[in-house]
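A closer look at the structure
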Amino acid sequence: MKNVSLIVNGILGVAVIALFVLYFTNKSSLTQSGKEVSIQMDDTVFTRPPVAYINTDSLLMNYKYAKDLNETLMRKAETSRASLTQKGIKLEADMKEFQRKYENNAFLSPERAQQEQTSLMKRQQELQELTERIQQELSMEQMKMNQQMTDTVISALKEYNKKKNYQMIYNNVGGNSTILIADDMYNITNEVTEFLNKKYTPGKK
């Protein structure tokens, strides 16, 4: 559980790619951040649809809401880990004590020794079940936070794009990039991150 983290790149990446906030208008009105983009090929001029991309790795590292969600999940994971560790240490100590007493014939009867052993085995099973349950709960909490993050970013991007009028906003993330090469002029990561951080109010998650 030490490595539990808020990994939203997969879900967020798909969502950003899916955010083809298309403003299909006449070619003459197509803009990229307010500037028309044209391509000259032979004697023909083509209007290029305005597009941009976001590096979600960078965005998530600098978006305050993402960092707060991650810290919240990590705190829960650390608290759970500490509790399980404490229970495990106590159980291990009791099992060693049982072994010591058994080897020294310290039990009043074989039946009493059997009862003690059964109790320890039950505690061991309960600890294993508790560990699995906590892992499942943390996994569900992570999925919930992933969805919150996705919804928040997509909602903000729609608002952001009302003025920018990009037709397509791609996701560009290391290892799973949908863009092999692109000029930095199309990178709006910092601009979007700043926009998101301005909208975020700590404590409202």
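These remarks concern the structure in this document. As the structure is a prediction and not an experimental result, all values here were calculated from the model.

1. Notes on the overall build of the chain
Check the secondary structure of the chain and you find five helices and four strands. Taken from N to C terminus, the helices and strands of the chain fall in the order α-β-β-β-α-α-α-β-α. The buried share among the 205 residues of the chain stands at 33%. Across the chain, contacts joining residues at least 24 apart in sequence account for 81% of those joining residues at least 6 apart. As displayed, the chain has an accessible area near 13,500 Å², and 52% of this comes from carbon and sulfur atoms.

2. Notes on the packing of aromatic side chains
Enumeration over the complete set of coordinates arrives at six aromatic pairs. Summarising the aromatic geometry, the rings of Phe 98 and Phe 107 are spaced 5.4 Å apart at their centres and angled 50° between planes, so their arrangement reads as tilted. Each of the two residues, Phe 98 as well as Phe 107, counts as buried. Linked through ring pairs, Tyr 63, Tyr 65 and Tyr 200 together constitute an aromatic cluster.

Parameters at a glance
Residues numbered from 1 in each chain as written. Predicted model: local features only at pLDDT ≥ 70, side-chain atom pairs only at ≥ 80, totals over all residues. Heavy atoms only, no water. Helix = DSSP H or I, 4+ residues; strand = E, 2+ residues; numbered from the N terminus. Buried < 20%, exposed > 50% of the residue type's maximum accessible area, 1.4 Å probe, protein only. Contact = heavy atoms within 4.5 Å. Areas by Shrake-Rupley, 256 points an atom, 1.4 Å probe, with all protein chains shown as cover. Phe/Tyr/Trp six-rings, centres within 6.5 Å; stacked < 30°, edge-to-face > 60°.

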